[in-house]
Structure formats: C-alpha cells, structure tokens
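Structural overview
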Amino acid sequence: MTDVGLEHYLVVSAALFCLGLLGVVIRRNLIVMYMSLELMLNAANLALVSFSHHQPPSPHGSPLDGQIMVFFIITVAAAEVAVGLALIVALYRKRQTTDVADLTSMKL
Amino acid sequence: MNLSLISLEIGVALLGVLVLLAGLWTPPHRRSALGFCTALGLTVLLALLVKQGMAIETLTDSSGGFVRDGLAVFFKALFLLAGILVTLLTMGFANRLRTGGAEVYALNCFALCGMLFAASANSFVMLFVAIELITITFYVLTSLQSHRLRSLEAGIKYLILGAAASAVMVFGIALIYGSAHTLQFNLIADGLAAGHMKQLLLFQLGALLLLAGLAFKIAAVPFQIWAPDVYQGAPAPVTAFLAIGSKAAGFVLLLRVLYTAFQVQPDGPRLLEPTAMFSVMAAATIIFGSLCALRQRNLKRLLGYASIASAGYVLLGIVALNERGAAAVLVYLAGYLFAVIAAFTVISILTPEDEDEDLSILANLHKRSPLMALTLTLAVASLAGIPPLAGFLGKFLLLRAVIEPAATFPWLVAVALLGVVASLYYYFGIIREIFWGTGQWWTEKAPETAAIKLADSQVVVLVVCVLGMLAVGLYPQPILEIANAAVQGLGL
C-alpha cells in the first residue's frame, strides 16, 4: 500500500481539467457546458491546494499562498455562476431553449 | 496593508456603489444627472491621479501583490479617461437600454475598478481577480439590452468562451505555482534567475496556459472567435469600453507577466521561445482581422475585425522584446483610445433603434451632422494610420520597434504592411459611405437627410476625441516622454 502523494492529486486534477474541457467542447447544452467550466476551475483548485500542501520549505513565499488563491477562485466562481445562470434564464425566457445551436442570429 | 496606495480604486468602487444607491431615489426623467455625476466624480479622480503622478516612484504594498509605478500610473490615467468618455457617451444612449438607468453607470465604474487593479497587478492573485472583475462585469454590460436577442446572444457567447479562457488561465497559474512555489511576479523572477526552478516543463506548460488566457483578453488569433459577435451584439457604448479598456488591461498584464515575472529577454534564457510564438501570433492576428474586415457591411462587426487586426499590430511591440517596443505599445493604445471612442460614439448616435448598424446608415452624414462626419473621418483615418493623426504615430513606432536595430523578421514586417494596405481599403469604405453613400440602394429607399441634433455630452465626447487624436499626432513629444518613462520600471 503506497502513500498518496502529490502525483496522485495532480493526475486527478489533470483528469478533471480534461473532462471539463471536453464537456465544454462537446456538449451543446448551456447548463451542462457551464457545469463543465466549474469542473475546470475546481481542477485548478485541487492542483493549487495539493501544491501548497506538498511545498518544500523555501526562502520566499508563504506556503499558504496557493490556498489563499483557492478562496479567491471559489468566490469569483460563485459570482460567475450568478451572472451566467441569470443570462441563461434570460435566454430561456426569450427563446425557450438552452441549446447553443440556437445562438446563431449573428453570422459572418 | 497601506490603504492610501489603493485610494484611487476605492474611490472608483465607492462611486459605483453611490450611483447605484442614488439610482433608487432618482425619478426617471432625472436619470441622466446620474451619468453626469459619475463622469464628474471620475474627472476629479483623474485630476487627483495626474497631480500625484507627477512625482512617480515605485511603491509596493507589504505583501508585494500591488505595485504603483510609472506603467501603472500611465494605464490608470488611460483607463480613467476612457471611463469618463464612455460614461458621457452612455448618457445619450441610456434610454435605449431599458434598464433602471443607474446600473450601466455603476457597472462601468466596477469594470473600471478592475482595470485600475489590473494596471497595478504584481501577483497572480491580483491578476486573476482584476481580470475576472473586468470580464464578469462585461458579461452583464454586453447583455444589458436583454430585449434584443443579439445582445443576449453576444453576452452568452462571451460568458461561455470567457469562462473557459479564465479556467484555462487559472490552471496555468496553478502549474506555475507548483513549480515556482510563489504567486508573486518578483519572486518568480528571482527564482528563475537563481535557477532553482526544478520542474521546468511544468512551468512552461503553466506559462503557455496563462498566456492563452491573456491572449483571449486581447482577442489575438487563435483566441479571437468571441470578438466579432460580442462587438456586434453589445450596446455601442459597451463595445467602445470593451475595445479600449478590456484590451488595454490585457496588454498591461501581458507586459507585466512577460517582463516582470518571466524576465523574457531577446538574449536571455530560452524559456518559451517568446519571439517566435508572438511573431506567429501577431502575423496570424493581422491577417485574420484584415481579411475578415474586407467584406464586412455591419459597422460594429467591421470595427470588431479591425480591432482584432490592431491587436496584431500591438503584438509587434511585444515581439520586439525591448523598451522601445513596450513604449510603442503605450503610445499606440493612447491614440487608439480616442479613435475607437470617437467611432463608437458616432455609431451609437446614428444607429436606429432595433436596427442593424449597416454601412448605409452613414449616407449623407456630412450634411446631417458635419461634426460627426468630421469626427468619424478623422477616427477611421487615425485607425488606418494616416499622418499626422495619432494612429500613424503608434503604428510607425510599433513597426520601427520590429525593424530596428535589426530586421529580425522581414516577413512579419511584410505582413504588417500588407495589413495596413488592406485596412486602407476597409476604412476608406467607411469614408466613402459618409460622403458619397447612397443609403440602402437595394430597397430604393432614399437616405435620411434630416439634421441630427446632438446632446451636449455627445458633443463633448466628439470634441475631446478629435482634439486628442490631433494632439497626440501633432505634438508627440509629451506622450513619447511619458511612455518612455513609464516602461523604465519593467526591468528590461
């Protein structure tokens, strides 16, 4: 039984990030795309926390920097969700759709 | 934490909150007074900044995440000026937004606050929060005309692509943190210089992801797909603010990250091959923007593609990787501010409610409003780079930065010159419509001839923009000195 180390966290984080990116690229439903975006942000959070936890003692920079960054990311993500869902609801009221394929009123 | 260091940002944020509160008690017919008060408040703040900024010294807060040097002061003044002009321009447009009336001014202030923080960012925490404050505010501003499907659609496209770009950027920051063990620009530079960066591959991957996020902000190829749709769909004053404010914020952050944090130098340690990367990006951006603008008939979309092309020119200053290039970026953006705001002011006045901004709305403009015709002509001539206007000076300095002391990239210069030729074609298409346009020739509808009456605030914006374009172009000495002094602190 091996200990869980930095690499394990990073592999999970990279997998989450790729899944999120894949979701944004492949899925056509706005809400699912938005969930995928949150997944990408949380992948970054996981990476930051695990780097911060496993950081070797260094002459400069507090080891807590990364964890402080995570709080900012969580706060900003909450604001982003509030604005994003409001926009998606406004679109649904207007067009009765949450599918990106219907967002085509502007073309080249 | 020294609060007096961020007094300007606090002032702008407070102004936004005050306007929002005052909007609750202001009767609808007095709403334009709110815009006037916002513009007045911002002017006072700009005056204070200029008074303080005369004696520029580098000040850093105790945690090192916020810096106030020449570069920061230059961009803060640029953003405040843009904020004032956009607020005045919004006053004439507010009745078309169909919102409460105070929100648009407050949101402008909040976006401006984010830009001011971006100008001073010295750590990745500050960079991220500033960028998000700008971007999230612009999601709302873009879709403010929610009764128009285009505005809403532009907002949602911006939202999804913008959120994806910031997620990529945050992951890049995490990887940089993993290899550098710090988020502060100075300390990262120290770590790179001392050579105890163990996981170089991790650092490079992180830097690439971060730069991708910043390239999205400045709408450089291949991260430009959002720009035309958002420029077209957003209300005209918002497009103006997006074109200058959001883009300039992207460039100041790019300068800081590249020079202060990564210490990128032409003959320095090869971390990223920055010259090759940015020269390809600049060339692709110029070509894409110019080609797409050629056949465009929607004015806002045309200026959207043109702004992509101009981001390519600004990247030339970054390809050069020297002080001259950085100073050229500053001069170009200062000239760009007046030209872009002038153009979008005219568009916002001319566009009929709920109609497209087709080129045909410009017909007979020289008879309907000589001031607007003059301003738009000067603005597009400045954007195209005709001497003696401000745009010529900027483009000239940017090109010179790549050519001197040695023309490292002859093909890049050739692409830029071809782009200039193409831009003459599409910009002069606009001028032709103003003076010789025949309106909607496909409907046999005679073009409008009624004179247009301008509001005072709109006249002020137009006159300031014309004077600004002429002043920067004819008396370049002051702006050149300021720009050269401002880039000293970058560590080049």
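Nothing here was measured: the structure is a model prediction, and the numbers come from that model. (Residues numbered from 1 in each chain as written. Chains lettered and ligands numbered in written order. Predicted model: local features only at pLDDT ≥ 70, side-chain atom pairs only at ≥ 80, totals over all residues.)

Per the secondary structure count, chain B includes 19 helices and 2 strands. Overall, chain B is about 70 × 55 × 40 Å in size when its C-alpha atoms are taken along their principal axes. Relative to its 492 residues, chain B shows a buried fraction of 62%. Sequence-distant contacts, at least 24 apart, represent 80% of the contacts inside chain B between residues at least 6 apart. (Helix = DSSP H or I, 4+ residues; strand = E, 2+ residues; numbered from the N terminus. Buried ≥ 20, exposed ≤ 12 C-beta atoms within 10 Å, placed from the backbone. Contact = placed C-beta atoms within 7 Å.)

Our next topic: the confidence of the model for chain B. Residues and elements named next belong to chain B. In the predicted model, chain B carries a mean pLDDT of 89, and the fraction of residues at 70 or more is 96%. Within chain B, helix H5 (residues 124-142) carries the highest mean pLDDT (96), whereas strand S1 (residues 59-60) carries the lowest (74). Predicted as a complex, the structure gets a pTM of 0.95 and an ipTM equal to 0.95. (pLDDT = per-residue confidence, 0-100.)

For the rest of this paragraph, the subject is the interface of chain A and chain B. Often the size quoted for an interface is simply the accessible area lost on bringing the parts together. With 35 residues of chain A at the interface, the matching set in chain B holds 35 residues. Counting residues per element, the ones that place at least two in the side of chain A that touches chain B are helix H1 (6-26), helix H2 (30-53) and helix H3 (65-95) of chain A. Classifying every residue of the side of chain A that touches chain B gives 25 nonpolar, 7 polar and 3 charged. (Nonpolar A, V, L, I, M, F, W, Y, C, P; charged D, E, K, R; others polar.)

With that out of the way, let us pick up unusual backbone geometry. Residues and elements named next belong to chain B. Note that the residue after Val221, namely Pro222, is joined by a cis bond; omega there is 5 degrees. Along the chain, Pro222 falls in the loop between helix H8 (200-217) and helix H9 (226-233). Cis geometry marks the peptide bond from Pro387 to Pro388, where omega comes out at 5 degrees. Note that Pro388 resides in the loop between helix H15 (370-384) and helix H16 (390-403). A positive phi angle is found at His181, which is not glycine, with a value near 60 degrees. Looking at the element boundaries, His181 is found in the loop between helix H6 (149-180) and helix H7 (185-194). The exposure class of His181 is buried, given the 26 C-beta atoms found within 10 Å.

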